[in-house]
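The chain contents come next:
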Amino acid sequence: FETDLAWKELRIFQGDLEPFFRAEGLMVSLPGDWREFDGEYFLEPDSMQLAALSGSLGGDFFLPRELITVEVLNGCGAAGVASTAGSILEEQGFRIVKVDNADNFEYQRSQVISRLEQVEPAKEVASFIPEAELFKEPRPDHTAMVTVIIGKNFSP
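Cut-offs and rules
- Residues numbered from 1 in each chain as written.
- Predicted model: local features only at pLDDT ≥ 70, side-chain atom pairs only at ≥ 80, totals over all residues.
- Heavy atoms only, no water.
- Helix = DSSP H or I, 4+ residues; strand = E, 2+ residues; numbered from the N terminus.
- Buried < 20%, exposed > 50% of the residue type's maximum accessible area, 1.4 Å probe, protein only.
- Polar contact = N/O pair within 3.5 Å; in protein donor to acceptor, adjacent residues only side chain to side chain.
- Pairing = 2+ DSSP bridges.
- Right-handed = clockwise from strand over helix to strand, strands pointing away.
- Phe/Tyr/Trp six-rings, centres within 6.5 Å; stacked < 30°, edge-to-face > 60°.
- Axes fitted to C-alpha atoms, helices over the stretch in contact; angles between N-to-C directions.
- Contact = heavy atoms within 4.5 Å.

## Let's talk about the environment of Glu 133
Line of reasoning, step 1. Tracing the backbone through its elements, the reader meets Glu 133 in strand β6 (residues 133–136).
Line of reasoning, step 2. Owing to a relative accessible area of 30%, Glu 133 belongs among the partly exposed residues under this scheme.
Line of reasoning, step 3. Separated by 16 residues in the primary sequence, Glu 133 and Ile 149 have C-alpha atoms spaced 9.8 Å apart.
Line of reasoning, step 4. One polar contact links Glu 133 to Arg 109, side chain to side chain, over a distance of 3.3 Å.

Below, the structure written as structure tokens:
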């Protein structure tokens, strides 16, 4: 849950919140680094590690779109198509980390490629790329969780 109450103020609600503080409860520290911004410190989550962690938390856990990193590549040669697709995904809340050309412009169909073992983030992205093929090619060192290659069948 999210709150702006100080921990001392939360003690007032201890009875209601008691299930969250049981000894048998699972406590997970989010992977990431603390960053200073305007005199305040904030946790910047490590998206790749967080995605890996989400896979071990079970089927009810989902990764928020703003933590899903996506690279969008133009695989059809039409000017601006990767930028258009990137804008569509960004409007849906995904974090676009790269927009560029693919290795060639001969992709007939758009592809959504999971760079993680877990395909759920890629499935979420694929739902916004019409008629895209879904692939799984894990690469833990990749800069994005999901690669989108826009093919000749893409129409926004």
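## Let's talk about the side chain of Thr 69
Line of reasoning, step 1. Topologically, Thr 69 is positioned in strand β3 (residues 69–74).
Line of reasoning, step 2. Of the residues examined, Thr 69 reaches a relative accessible area of 3% and is grouped as buried.
Line of reasoning, step 3. A distance of 2.9 Å separates a polar atom in the side chain of Thr 69 from the backbone nitrogen of Met 145.

## A few points about the pairing of β3
Line of reasoning, step 1. For β3, the buried fraction is high: 6 of the 6 residues fall into the buried class.
Line of reasoning, step 2. Burial of the side chains of β3 extends over both faces: Thr 69, Glu 71 and Leu 73 are buried on one face and Val 70, Val 72 and Asn 74 on the other.
Line of reasoning, step 3. Here β3 pairs with strand β4 (residues 95–101) via 6 bridges, running parallel. When the sheet's bridge partners are listed, Asn 74 is paired in β4 with Asn 101.
Line of reasoning, step 4. Where the polypeptide runs from β3 across helix α4 (residues 81–91) and back to β4, its parallel neighbour, the crossover connection is right-handed.
Line of reasoning, step 5. Where β3 lies against strand β7 (residues 146–150), 5 bridges are found, and the strand directions are parallel. The residue of β7 that forms the bridge with Val 72 is Val 148.

## A look at the packing of aromatic side chains
Given two aromatic rings, their pairing is described by the distance between the two centres and the angle made by the two planes.
Line of reasoning, step 1. For the structure shown, the criterion picks out 1 aromatic pair.
Line of reasoning, step 2. With centroids separated by 5.9 Å and ring planes inclined at 70 degrees, the aromatic side chains of Phe 94 and Phe 128 adopt a geometry described as edge-to-face. Within this pair, whereas Phe 94 is found in the loop between α4 and β4, its partner Phe 128 is found in the loop between α5 (120–126) and β6, the two being separated by 34 residues in sequence.

## Focus: the sheet that holds strand β5 (residues 111–114)
Line of reasoning, step 1. The sheet built from 5 strands is open, its strands ordered β4-β3-β7-β5-β6 with mixed pairing. Looking at strand neighbours, the two that pair on one side only are β4 and β6, the edges of this open sheet. Going from strand to strand, the sheet's axes swing by 20 degrees on average, the running direction of each strand aside.
Line of reasoning, step 2. Along the sheet face, α4 touches β3, β4 and β7 and points at about 155 degrees away from the line of β3.

## A few points about unusual backbone geometry
Line of reasoning, step 1. Positioned with a positive phi, Asp 38 is a non-glycine residue whose angle comes to about 55 degrees.
Line of reasoning, step 2. Here Asp 38 is to be found in the loop between β1 (32–37) and β2 (40–45).

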